[in-house]
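In case you want the letters, here they are:
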Amino acid sequence: SIPHADAFSDGIFGESADLQQQIASQYVTTFVLPNSASLHDDYWFKSVKPPSFNSSEEYQRALWWYNGATDSGNMAQAPVMSVDRLRSLRNSSIDVKWLDKMIEVREL
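Residues numbered from 1 in each chain as written. Predicted model: local features only at pLDDT ≥ 70, side-chain atom pairs only at ≥ 80, totals over all residues. Heavy atoms only, no water.

1. Digging into the nonpolar core
Moving on, step 1. Judged by nonpolar contacts, the single largest core of 26 residues is most densely connected at Tyr59, Tyr66, Met75 and Leu86.
Moving on, step 2. Those elements that provide at least two residues to this core are helix H1 (2–12), helix H3 (26–31), helix H4 (39–48), helix H5 (56–71), helix H6 (83–88) and helix H7 (96–107).
Moving on, step 3. Sequence-distant contacts of tyrosine 59, that is, excluding residues within four places in its chain, are made with Phe31, Ala37, Trp44, Phe45, Val48, Pro50 and Phe53. (Core = buried A, V, L, I, M, F, W, Y, C linked by side-chain atoms within 4.5 Å. Buried < 20%, exposed > 50% of the residue type's maximum accessible area, 1.4 Å probe, protein only. Helix = DSSP H or I, 4+ residues; strand = E, 2+ residues; numbered from the N terminus. Contact = heavy atoms within 4.5 Å.)

This is the structure we're talking about:
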């Protein structure tokens, strides 16, 4: 996982950060919240519908990977973008559907 995390980190943080990747990675900033799988009426569990998990509590165990990766310093986290900031990027987004999904996440 470390090589993937290094490439991911380079894409979202630092001099070589890519705005599109920062937009696309907004979900990760919510995965690391306490009880993230069950927040907002099980939003992530219901949205992702992970086939290997029967409840948000089970799914939470998988999401803890993100906490471990960021807390250990092995993976950077994208800057948290506000709804207003994300909306301001509508004309520069290469994937408006994904941008709208990240706006939805921020509006929770």
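Once you've had a look at it, read on.
2. Considerations on H4
Think of an α-helix as turning once every 3.6 residues; residues three or four places apart then point the same way.
Moving on, step 1. Where H4 is concerned, the buried positions are Tyr43, Trp44 and Phe45. Buried residues of H4, seen end-on, are gathered within an arc of 155° and therefore sit on one face of the element.
Moving on, step 2. The inward-facing, buried residues of H4 abut H3, H5 and H7.
Moving on, step 3. Looking one or two residues beyond H4, the residue adopting positive phi is lysine 49, at roughly 50°. (Arc of directions from axis to C-beta.)

3. Here we look at the pattern of salt bridges
Moving on, step 1. This structure, assessed with the given rule, holds 4 salt bridges.
Moving on, step 2. Here aspartate 41 ties to lysine 46 by a salt bridge, and the two come within 3.0 Å at their closest N and O atoms.
Moving on, step 3. Here aspartate 100 ties to arginine 90 by a salt bridge, and the two come within 2.6 Å at their closest N and O atoms. With a gap of 10 residues between them, aspartate 100 in helix H7 and arginine 90 in the loop between H6 and H7 connect regions that are remote in the sequence.
Moving on, step 4. Residue classification places arginine 90 among the partly exposed residues on the basis of a relative accessible area of 33%. (Salt bridge = Lys/Arg side-chain N within 4 Å of Asp/Glu carboxyl O.)

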